[in-house]
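Okay, here's what each chain looks like letter by letter:
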Amino acid sequence: MKSYEVNFDGLVGPTHNYGGLSYGNVASQSNSQQSSNPKEAALQGLAKMKALMDMGFQQGVLAPQERPDVAALRRLGFSGTDAQVIERAAKEAMPLLVASCSASSMWVANAATVSPSADTADGRVHFTAANLNCKYHRSIEHPTTSRVLGAMFANQQHFAHHAALPAVAQFGDEGAANHTRFCREYGEAGVEFFVFGRSAFDNRFPAPQKYPARQTLEASQAVARLHGLRDEGVVYAQQNPDVIDQGVFHNDVIAVGNGEVLFYHEDAFLETDKMLAELQGKLAKVGGNFQSVCVPRSAVTVDDAVRSYLFNSQLLSRPDGSMLLIVPQECQANERVWAYLQSLTSSGGLIREVKVFDLKQSMQNGGGPACLRLRVALNETELAAVNPGVIMTAPLYGSLTAWVEKHYRDRLSETDLTDPQLLLECRTALDELTQILKLGAVYPFQIN
Ligand code: SUG
(Lines give C-alpha, C1' and ligand atoms only; values in the text may rest on other atoms or scores of the structure.)
Protein backbone atom coordinates (compact mmCIF):
# COMPACT_ATOMS: atom_id res chain seq x y z
CA MET A 1 0.00 0.00 0.00
CA LYS A 2 1.19 3.52 -0.77
CA SER A 3 2.21 5.74 2.13
CA TYR A 4 2.96 9.41 2.47
CA GLU A 5 4.36 12.02 4.76
CA VAL A 6 1.64 14.64 4.91
CA ASN A 7 2.66 18.09 6.08
CA PHE A 8 -0.11 19.89 7.93
CA ASP A 9 0.86 23.54 8.12
CA GLY A 10 -0.41 25.91 10.76
CA LEU A 11 -2.45 28.73 9.34
CA VAL A 12 -1.26 31.97 10.95
CA GLY A 13 -4.00 33.50 13.09
CA PRO A 14 -5.37 37.06 12.80
CA THR A 15 -3.59 38.23 15.99
CA HIS A 16 -0.03 37.39 14.90
CA ASN A 17 2.17 39.82 16.84
CA TYR A 18 5.59 40.23 18.37
CA GLY A 19 5.04 39.95 22.10
CA GLY A 20 8.59 39.05 23.15
CA LEU A 21 7.08 36.14 25.04
CA SER A 22 9.65 33.40 24.61
CA TYR A 23 12.69 33.72 26.84
CA GLY A 24 15.41 31.57 25.27
CA ASN A 25 14.11 32.17 21.73
CA VAL A 26 16.45 34.83 20.33
CA ALA A 27 14.17 36.04 17.52
CA SER A 28 11.12 36.39 19.79
CA GLN A 29 13.12 38.43 22.26
CA SER A 30 14.85 40.66 19.76
CA ASN A 31 11.72 41.57 17.79
CA SER A 32 9.60 42.28 20.85
CA GLN A 33 7.23 45.24 20.43
CA GLN A 34 7.77 45.61 16.70
CA SER A 35 4.55 45.89 14.79
CA SER A 36 3.53 42.82 12.85
CA ASN A 37 1.62 42.16 9.65
CA PRO A 38 -0.80 39.26 10.24
CA LYS A 39 -2.11 39.35 6.67
CA GLU A 40 1.36 39.03 5.19
CA ALA A 41 2.25 36.31 7.72
CA ALA A 42 -0.75 34.20 6.76
CA LEU A 43 -0.18 34.70 3.04
CA GLN A 44 3.50 33.75 3.37
CA GLY A 45 2.48 30.52 5.10
CA LEU A 46 -0.18 29.76 2.50
CA ALA A 47 2.31 30.38 -0.32
CA LYS A 48 4.59 27.71 1.15
CA MET A 49 1.69 25.24 1.42
CA LYS A 50 0.66 25.94 -2.17
CA ALA A 51 4.23 25.58 -3.47
CA LEU A 52 4.66 22.18 -1.78
CA MET A 53 1.32 21.01 -3.09
CA ASP A 54 2.31 22.15 -6.59
CA MET A 55 5.56 20.18 -6.26
CA GLY A 56 3.48 17.05 -5.69
CA PHE A 57 3.72 16.72 -1.90
CA GLN A 58 0.69 15.91 0.24
CA GLN A 59 -0.25 19.06 2.10
CA GLY A 60 -2.81 19.83 4.75
CA VAL A 61 -3.75 22.78 6.92
CA LEU A 62 -4.22 23.16 10.66
CA ALA A 63 -6.52 25.92 11.89
CA PRO A 64 -5.38 28.75 14.19
CA GLN A 65 -6.89 29.41 17.62
CA GLU A 66 -9.31 31.89 19.12
CA ARG A 67 -7.41 34.90 20.40
CA PRO A 68 -7.47 36.87 22.58
CA ASP A 69 -8.20 33.87 24.78
CA VAL A 70 -10.83 35.51 26.95
CA ALA A 71 -11.55 32.28 28.81
CA ALA A 72 -7.89 32.10 29.85
CA LEU A 73 -8.08 35.69 31.12
CA ARG A 74 -11.24 34.82 33.08
CA ARG A 75 -9.37 31.92 34.70
CA LEU A 76 -6.84 34.52 35.87
CA GLY A 77 -9.55 36.54 37.58
CA PHE A 78 -10.64 39.13 35.00
CA SER A 79 -14.40 39.39 34.83
CA GLY A 80 -17.31 41.19 33.18
CA THR A 81 -18.28 41.15 29.53
CA ASP A 82 -15.67 40.00 27.03
CA ALA A 83 -14.86 43.65 26.25
CA GLN A 84 -14.48 44.42 29.97
CA VAL A 85 -12.20 41.41 30.46
CA ILE A 86 -9.92 42.76 27.72
CA GLU A 87 -10.09 46.31 29.01
CA ARG A 88 -9.29 45.25 32.59
CA ALA A 89 -6.43 43.00 31.54
CA ALA A 90 -5.03 45.84 29.40
CA LYS A 91 -5.13 48.20 32.35
CA GLU A 92 -3.95 45.88 35.11
CA ALA A 93 -1.77 43.25 33.49
CA MET A 94 -0.78 44.04 29.91
CA PRO A 95 1.70 41.12 29.69
CA LEU A 96 -1.18 38.72 30.37
CA LEU A 97 -3.29 40.29 27.64
CA VAL A 98 -0.35 40.05 25.23
CA ALA A 99 0.12 36.38 26.13
CA SER A 100 -3.58 35.70 25.64
CA CYS A 101 -3.37 37.25 22.15
CA SER A 102 -0.42 35.24 20.84
CA ALA A 103 -0.94 33.47 17.54
CA SER A 104 1.74 30.97 18.58
CA SER A 105 -0.45 27.98 17.69
CA MET A 106 0.77 28.59 14.10
CA TRP A 107 3.96 26.66 14.98
CA VAL A 108 2.26 23.32 14.74
CA ALA A 109 5.48 21.33 15.04
CA ASN A 110 4.67 22.00 18.69
CA ALA A 111 1.03 20.98 18.48
CA ALA A 112 1.56 17.29 19.13
CA THR A 113 3.81 14.27 18.79
CA VAL A 114 2.60 11.86 16.14
CA SER A 115 3.46 8.17 15.75
CA PRO A 116 2.45 6.45 12.52
CA SER A 117 0.47 3.23 12.62
CA ALA A 118 3.42 1.08 11.53
CA ASP A 119 5.18 1.90 14.83
CA THR A 120 2.34 1.53 17.34
CA ALA A 121 1.10 -1.51 19.25
CA ASP A 122 -2.53 -1.15 18.16
CA GLY A 123 -1.81 -0.23 14.54
CA ARG A 124 -3.41 3.19 14.80
CA VAL A 125 -1.84 6.62 14.25
CA HIS A 126 -1.31 8.14 17.71
CA PHE A 127 -1.36 11.83 18.61
CA THR A 128 -0.39 13.36 21.96
CA ALA A 129 -1.12 17.07 22.21
CA ALA A 130 1.88 18.93 23.62
CA ASN A 131 1.36 20.65 26.98
CA LEU A 132 3.88 23.40 26.05
CA ASN A 133 4.01 24.30 29.69
CA CYS A 134 7.35 26.11 29.58
CA LYS A 135 5.61 29.29 28.38
CA TYR A 136 2.25 30.48 29.62
CA HIS A 137 1.13 31.77 26.20
CA ARG A 138 1.76 28.33 24.71
CA SER A 139 0.40 26.30 27.63
CA ILE A 140 -3.12 27.50 26.78
CA GLU A 141 -3.02 25.98 23.29
CA HIS A 142 -3.52 22.26 23.92
CA PRO A 143 -7.28 22.06 24.69
CA THR A 144 -8.17 23.65 21.34
CA THR A 145 -5.34 21.80 19.60
CA SER A 146 -6.90 18.54 20.79
CA ARG A 147 -10.32 19.52 19.50
CA VAL A 148 -8.93 20.61 16.12
CA LEU A 149 -6.85 17.43 15.73
CA GLY A 150 -9.88 15.41 16.78
CA ALA A 151 -11.95 17.08 14.04
CA MET A 152 -9.23 16.49 11.43
CA PHE A 153 -8.45 12.89 12.36
CA ALA A 154 -11.88 11.81 13.53
CA ASN A 155 -11.91 8.15 12.56
CA GLN A 156 -11.34 6.08 15.73
CA GLN A 157 -10.50 2.98 13.79
CA HIS A 158 -7.37 4.67 12.45
CA PHE A 159 -6.57 7.53 14.84
CA ALA A 160 -5.96 7.59 18.62
CA HIS A 161 -5.77 10.88 20.51
CA HIS A 162 -4.12 11.40 23.89
CA ALA A 163 -4.60 14.42 26.10
CA ALA A 164 -1.57 16.57 26.91
CA LEU A 165 0.75 15.28 29.66
CA PRO A 166 0.36 16.65 33.22
CA ALA A 167 0.86 20.41 33.14
CA VAL A 168 4.00 20.64 35.23
CA ALA A 169 7.56 21.46 34.21
CA GLN A 170 8.69 17.90 35.00
CA PHE A 171 6.61 16.74 32.04
CA GLY A 172 7.44 19.66 29.76
CA ASP A 173 6.52 18.48 26.28
CA GLU A 174 7.01 20.48 23.08
CA GLY A 175 5.67 17.91 20.64
CA ALA A 176 7.17 17.07 17.29
CA ALA A 177 9.80 19.83 17.49
CA ASN A 178 11.86 17.37 19.54
CA HIS A 179 10.81 14.23 17.71
CA THR A 180 11.91 12.78 14.38
CA ARG A 181 11.17 9.47 12.76
CA PHE A 182 13.51 7.44 10.60
CA CYS A 183 12.22 4.78 8.25
CA ARG A 184 12.79 3.19 4.88
CA GLU A 185 9.26 3.83 3.63
CA TYR A 186 6.70 5.93 5.51
CA GLY A 187 4.35 2.97 5.79
CA GLU A 188 6.98 0.63 7.26
CA ALA A 189 8.03 0.35 10.91
CA GLY A 190 10.60 2.98 11.77
CA VAL A 191 12.70 4.34 14.61
CA GLU A 192 11.32 7.25 16.59
CA PHE A 193 13.96 9.63 17.83
CA PHE A 194 13.10 11.66 20.94
CA VAL A 195 15.42 14.50 21.89
CA PHE A 196 15.15 15.99 25.38
CA GLY A 197 16.77 19.00 27.00
CA ARG A 198 16.93 17.75 30.58
CA SER A 199 15.75 15.09 32.97
CA ALA A 200 13.28 16.08 35.67
CA PHE A 201 14.06 13.19 38.01
CA ASP A 202 17.63 12.15 37.26
CA ASN A 203 20.31 14.69 38.02
CA ARG A 204 23.01 12.78 36.16
CA PHE A 205 21.85 14.57 33.01
CA PRO A 206 23.33 18.09 32.75
CA ALA A 207 20.95 21.02 32.26
CA PRO A 208 21.49 24.36 30.54
CA GLN A 209 22.64 27.26 32.75
CA LYS A 210 20.93 30.20 31.12
CA TYR A 211 17.85 29.32 29.10
CA PRO A 212 15.18 26.76 29.93
CA ALA A 213 15.28 23.23 28.54
CA ARG A 214 11.67 22.86 27.50
CA GLN A 215 11.48 19.11 26.86
CA THR A 216 12.12 16.54 29.57
CA LEU A 217 13.22 12.93 29.15
CA GLU A 218 10.29 11.85 31.26
CA ALA A 219 7.81 13.57 28.94
CA SER A 220 9.33 11.87 25.89
CA GLN A 221 9.20 8.49 27.62
CA ALA A 222 5.56 9.01 28.58
CA VAL A 223 4.65 9.83 24.96
CA ALA A 224 6.45 6.70 23.73
CA ARG A 225 4.50 4.60 26.29
CA LEU A 226 1.16 6.21 25.40
CA HIS A 227 1.76 5.51 21.72
CA GLY A 228 2.66 1.87 22.35
CA LEU A 229 6.12 2.10 20.75
CA ARG A 230 8.50 -0.85 20.99
CA ASP A 231 11.77 -0.26 22.86
CA GLU A 232 13.53 -1.45 19.72
CA GLY A 233 11.80 1.31 17.79
CA VAL A 234 12.83 4.22 20.02
CA VAL A 235 16.06 6.17 20.56
CA TYR A 236 16.42 8.93 23.17
CA ALA A 237 19.17 11.54 22.95
CA GLN A 238 20.02 14.61 24.94
CA GLN A 239 20.36 18.00 23.34
CA ASN A 240 23.65 19.69 24.11
CA PRO A 241 22.79 22.10 26.99
CA ASP A 242 25.35 24.60 25.66
CA VAL A 243 23.41 25.06 22.43
CA ILE A 244 20.16 25.58 24.37
CA ASP A 245 22.01 28.41 26.09
CA GLN A 246 22.82 29.81 22.65
CA GLY A 247 19.17 29.95 21.62
CA VAL A 248 18.42 26.42 20.41
CA PHE A 249 15.15 26.18 22.32
CA HIS A 250 13.88 23.19 20.31
CA ASN A 251 15.91 20.43 18.69
CA ASP A 252 14.42 21.32 15.31
CA VAL A 253 16.52 24.50 15.41
CA ILE A 254 19.69 22.37 15.12
CA ALA A 255 18.71 19.09 13.43
CA VAL A 256 16.16 17.68 11.00
CA GLY A 257 15.55 14.11 9.89
CA ASN A 258 13.55 12.37 7.21
CA GLY A 259 13.51 8.90 5.73
CA GLU A 260 16.87 7.35 6.57
CA VAL A 261 18.71 10.68 6.90
CA LEU A 262 19.61 12.87 9.87
CA PHE A 263 20.92 16.33 8.97
CA TYR A 264 22.44 17.91 12.11
CA HIS A 265 24.97 20.31 13.50
CA GLU A 266 28.17 18.99 15.05
CA ASP A 267 27.26 20.57 18.41
CA ALA A 268 23.59 19.53 18.50
CA PHE A 269 23.73 16.54 20.85
CA LEU A 270 25.55 14.98 23.78
CA GLU A 271 27.18 11.60 23.18
CA THR A 272 26.66 11.91 19.46
CA ASP A 273 28.60 8.80 18.40
CA LYS A 274 26.67 6.54 20.77
CA MET A 275 23.40 8.04 19.54
CA LEU A 276 24.32 7.59 15.86
CA ALA A 277 25.31 3.97 16.47
CA GLU A 278 22.01 3.28 18.20
CA LEU A 279 20.03 4.89 15.38
CA GLN A 280 22.01 2.94 12.83
CA GLY A 281 21.55 -0.36 14.68
CA LYS A 282 17.83 0.03 15.34
CA LEU A 283 17.03 1.23 11.83
CA ALA A 284 19.00 -1.71 10.39
CA LYS A 285 16.74 -4.08 12.35
CA VAL A 286 13.75 -2.81 10.38
CA GLY A 287 15.66 -2.97 7.11
CA GLY A 288 16.82 0.64 6.95
CA ASN A 289 20.18 2.12 6.13
CA PHE A 290 20.72 5.08 8.48
CA GLN A 291 22.72 7.97 7.07
CA SER A 292 23.81 11.17 8.71
CA VAL A 293 24.98 14.51 7.39
CA CYS A 294 26.92 16.44 10.01
CA VAL A 295 27.43 20.16 9.48
CA PRO A 296 30.76 21.07 11.08
CA ARG A 297 31.03 24.13 13.29
CA SER A 298 33.96 25.22 11.13
CA ALA A 299 31.49 25.72 8.25
CA VAL A 300 28.43 26.94 10.16
CA THR A 301 28.51 28.13 13.76
CA VAL A 302 25.70 27.55 16.23
CA ASP A 303 25.04 31.28 16.03
CA ASP A 304 24.72 31.04 12.22
CA ALA A 305 22.31 28.13 12.67
CA VAL A 306 20.19 30.08 15.17
CA ARG A 307 20.08 33.21 13.02
CA SER A 308 19.53 31.51 9.66
CA TYR A 309 17.39 28.57 10.83
CA LEU A 310 19.32 26.30 8.46
CA PHE A 311 18.14 23.22 10.38
CA ASN A 312 14.58 24.40 10.75
CA SER A 313 14.20 23.33 7.19
CA GLN A 314 11.88 20.74 5.70
CA LEU A 315 13.77 17.74 4.39
CA LEU A 316 11.51 16.16 1.80
CA SER A 317 11.82 12.93 -0.19
CA ARG A 318 11.33 13.14 -3.93
CA PRO A 319 10.00 10.27 -6.02
CA ASP A 320 13.52 9.43 -7.32
CA GLY A 321 14.75 8.93 -3.74
CA SER A 322 16.76 12.17 -3.60
CA MET A 323 15.91 14.90 -1.10
CA LEU A 324 14.94 18.52 -1.21
CA LEU A 325 15.53 21.08 1.53
CA ILE A 326 13.01 23.88 2.10
CA VAL A 327 14.83 26.74 3.84
CA PRO A 328 13.88 30.25 4.94
CA GLN A 329 15.40 33.15 3.01
CA GLU A 330 17.50 34.02 6.05
CA CYS A 331 19.74 31.09 4.92
CA GLN A 332 20.44 32.84 1.66
CA ALA A 333 21.27 36.04 3.50
CA ASN A 334 23.95 34.32 5.59
CA GLU A 335 27.11 33.93 3.51
CA ARG A 336 28.51 30.89 5.34
CA VAL A 337 25.20 29.07 5.44
CA TRP A 338 24.53 29.74 1.77
CA ALA A 339 28.03 28.60 0.79
CA TYR A 340 27.52 25.44 2.84
CA LEU A 341 24.20 24.74 1.12
CA GLN A 342 25.77 25.20 -2.31
CA SER A 343 28.50 22.72 -1.44
CA LEU A 344 25.96 20.28 0.04
CA THR A 345 23.74 20.15 -3.04
CA SER A 346 26.68 19.87 -5.44
CA SER A 347 28.45 17.14 -3.44
CA GLY A 348 26.57 14.26 -5.05
CA GLY A 349 24.89 13.30 -1.77
CA LEU A 350 21.20 12.64 -1.18
CA ILE A 351 20.24 16.29 -0.61
CA ARG A 352 20.19 17.67 -4.16
CA GLU A 353 18.14 20.82 -4.12
CA VAL A 354 17.38 23.78 -1.89
CA LYS A 355 14.26 25.91 -2.22
CA VAL A 356 14.04 29.25 -0.47
CA PHE A 357 10.86 30.72 1.05
CA ASP A 358 10.05 34.12 2.47
CA LEU A 359 8.60 33.43 5.92
CA LYS A 360 9.91 36.57 7.55
CA GLN A 361 6.79 37.33 9.59
CA SER A 362 7.00 33.96 11.32
CA MET A 363 10.80 33.89 11.43
CA GLN A 364 10.81 37.12 13.45
CA ASN A 365 9.16 35.16 16.24
CA GLY A 366 11.51 32.20 15.87
CA GLY A 367 9.37 30.02 13.61
CA GLY A 368 10.84 28.66 10.37
CA PRO A 369 9.54 26.25 7.71
CA ALA A 370 9.77 23.21 9.98
CA CYS A 371 8.06 24.94 12.92
CA LEU A 372 5.12 25.69 10.70
CA ARG A 373 4.33 22.08 9.86
CA LEU A 374 3.21 18.93 11.66
CA ARG A 375 4.24 15.77 9.85
CA VAL A 376 1.83 12.88 9.80
CA ALA A 377 2.90 9.71 8.00
CA LEU A 378 -0.20 7.98 6.64
CA ASN A 379 -0.96 5.08 4.39
CA GLU A 380 -3.56 5.41 1.65
CA THR A 381 -6.41 4.10 3.77
CA GLU A 382 -5.57 6.46 6.64
CA LEU A 383 -5.22 9.40 4.28
CA ALA A 384 -8.68 8.64 2.94
CA ALA A 385 -9.98 8.71 6.55
CA VAL A 386 -8.69 12.26 7.20
CA ASN A 387 -11.31 15.00 7.13
CA PRO A 388 -11.02 16.02 3.44
CA GLY A 389 -11.77 19.64 4.33
CA VAL A 390 -8.23 20.13 5.66
CA ILE A 391 -6.34 18.69 2.68
CA MET A 392 -4.85 21.45 0.53
CA THR A 393 -6.17 21.77 -3.00
CA ALA A 394 -6.06 24.63 -5.50
CA PRO A 395 -9.67 25.66 -4.65
CA LEU A 396 -8.94 25.50 -0.91
CA TYR A 397 -5.85 27.64 -1.40
CA GLY A 398 -8.05 30.13 -3.27
CA SER A 399 -10.68 30.17 -0.50
CA LEU A 400 -8.12 30.57 2.27
CA THR A 401 -6.31 33.37 0.48
CA ALA A 402 -9.59 35.22 -0.05
CA TRP A 403 -10.51 34.57 3.59
CA VAL A 404 -7.22 36.09 4.80
CA GLU A 405 -7.60 39.09 2.49
CA LYS A 406 -11.08 39.69 3.83
CA HIS A 407 -10.49 39.30 7.57
CA TYR A 408 -6.87 40.07 8.46
CA ARG A 409 -5.29 43.35 9.41
CA ASP A 410 -2.02 44.34 7.80
CA ARG A 411 -0.63 45.95 10.91
CA LEU A 412 -0.82 45.04 14.56
CA SER A 413 0.99 46.72 17.43
CA GLU A 414 0.70 46.18 21.15
CA THR A 415 -1.95 48.88 21.60
CA ASP A 416 -4.12 47.24 18.92
CA LEU A 417 -4.37 44.19 21.16
CA THR A 418 -6.40 46.23 23.64
CA ASP A 419 -9.11 46.83 21.03
CA PRO A 420 -12.14 44.59 21.81
CA GLN A 421 -13.03 44.79 18.12
CA LEU A 422 -10.05 42.49 17.43
CA LEU A 423 -11.79 39.67 19.33
CA LEU A 424 -14.94 40.11 17.25
CA GLU A 425 -12.90 40.15 14.04
CA CYS A 426 -11.10 37.00 15.09
CA ARG A 427 -14.31 35.16 15.99
CA THR A 428 -16.03 36.17 12.76
CA ALA A 429 -13.05 34.97 10.75
CA LEU A 430 -12.72 31.68 12.63
CA ASP A 431 -16.43 30.93 12.42
CA GLU A 432 -16.13 31.21 8.64
CA LEU A 433 -12.92 29.18 8.67
CA THR A 434 -14.51 26.22 10.44
CA GLN A 435 -17.02 26.13 7.59
CA ILE A 436 -14.31 26.36 4.93
CA LEU A 437 -12.29 23.54 6.57
CA LYS A 438 -15.41 21.58 7.59
CA LEU A 439 -14.23 21.27 11.17
CA GLY A 440 -17.52 21.68 13.01
CA ALA A 441 -17.50 23.57 16.33
CA VAL A 442 -13.97 23.55 17.79
CA TYR A 443 -13.51 26.99 19.35
CA PRO A 444 -14.57 28.04 22.87
CA PHE A 445 -16.88 30.72 21.43
CA GLN A 446 -18.62 28.06 19.36
CA ILE A 447 -19.10 25.49 22.07
CA ASN A 448 -19.73 27.48 25.26
O1 SUG B 1 7.58 28.58 21.22
N2 SUG B 1 7.66 31.60 19.45
C3 SUG B 1 7.60 30.15 19.42
C4 SUG B 1 8.37 29.62 18.27
C5 SUG B 1 8.16 28.15 18.09
C6 SUG B 1 9.03 27.57 17.05
N7 SUG B 1 8.76 26.21 16.90
C8 SUG B 1 9.67 25.25 16.64
N9 SUG B 1 10.94 25.48 16.75
N10 SUG B 1 9.24 24.07 16.35
C11 SUG B 1 8.13 29.58 20.75
O12 SUG B 1 9.10 30.12 21.27
C13 SUG B 1 7.06 33.82 20.20
C14 SUG B 1 5.81 34.58 20.51
C15 SUG B 1 6.06 36.02 20.78
O16 SUG B 1 7.11 36.38 21.32
O17 SUG B 1 5.16 36.84 20.46
C18 SUG B 1 6.87 32.31 20.23
O19 SUG B 1 6.01 31.82 20.94
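Residues numbered from 1 in each chain as written. Predicted model: local features only at pLDDT ≥ 70, side-chain atom pairs only at ≥ 80, totals over all residues. Heavy atoms only, no water.

**Side note on the packing of helix H16 (residues 394-407) against helix H17 (residues 420-436)**
With their axes 11 Å apart at the nearest point, H16 and H17 run at an angle of 170 degrees to one another. In terms of their interaxial angle, H16 and H17 are classed as roughly antiparallel. Two secondary-structure elements touch here, H16 through Leu396, Ser399, Leu400, Trp403, Lys406 and His407 and H17 through Glu425, Thr428, Ala429, Leu430, Glu432, Leu433 and Ile436. For the contact of H16 with H17, the class distribution of residues is seven nonpolar, three polar and three charged. (Axes fitted to C-alpha atoms, helices over the stretch in contact; angles between N-to-C directions. Helix = DSSP H or I, 4+ residues; strand = E, 2+ residues; numbered from the N terminus. Parallel < 35°, antiparallel > 145°, perpendicular 65-115°, else oblique. Contact = heavy atoms within 4.5 Å. Nonpolar A, V, L, I, M, F, W, Y, C, P; charged D, E, K, R; others polar.)

**Overview of the environment of Pro208**
As for its placement among the helices and strands, Pro208 is situated in the loop between strand S7 (191-196) and helix H8 (217-226). On the basis of relative accessibility, which here comes to 14%, the residue Pro208 falls in the buried class. (Buried < 20%, exposed > 50% of the residue type's maximum accessible area, 1.4 Å probe, protein only.)

**Points about the environment of Tyr408**
With respect to the helices and strands, the residue Tyr408 is situated in the loop between H16 and H17. On a C-alpha basis, the gap between Tyr408 and Pro14 in space is 5.5 Å, while along the polypeptide they are 394 residues apart. Of note is the side chain of Tyr408, whose polar atom sits 2.5 Å from the backbone oxygen of Val12. (Polar contact = N/O pair within 3.5 Å; in protein donor to acceptor, adjacent residues only side chain to side chain.)

**What to know about the site of the ligand**
Of all residues adjacent to the ligand, which total 22 residues, the nearest are Leu21, Ser22, His137, Asp252 and Cys371. In this structure, Ser28 approaches the ligand through a side-chain N or O atom, which is 2.8 Å from an oxygen atom. Alone, the ligand offers 490 Å² of accessible surface; in the complex the protein occludes 100% of this. Taken together, the residues of the shell around the ligand sort by class into seven nonpolar, 12 polar and three charged. (Near = heavy atom within 4 Å. Areas by Shrake-Rupley, 256 points an atom, 1.4 Å probe, with all protein chains shown as cover.)

**Comments concerning the side chain of Gln44**
Mapped onto the fold, Gln44 is located in helix H2 (residues 38-54). When its relative accessible area of 10% is taken as the criterion, Gln44 is described as buried. In contact with Gln44, other than residues within four places in its own chain, are Asp358, Leu359, Lys360 and Gln361.

**Side note on the packing of H2 against H16**
Pairs of packed helices are described in terms of their axes, by the angle between the two and the distance that separates them. Between H2 and H16, the shortest axis-to-axis distance is 10 Å and the interhelical angle comes to 175 degrees. One element, H2, and the other, H16, form an angle in the roughly antiparallel class. Residues Lys39, Ala42, Leu43, Leu46, Ala47, Lys50 and Met53 of H2 touch H16, and the partners they reach there are Ala394, Tyr397, Leu400, Thr401, Val404 and Glu405. For the contact of H2 with H16, a count of residues per class yields nine nonpolar, one polar and three charged.

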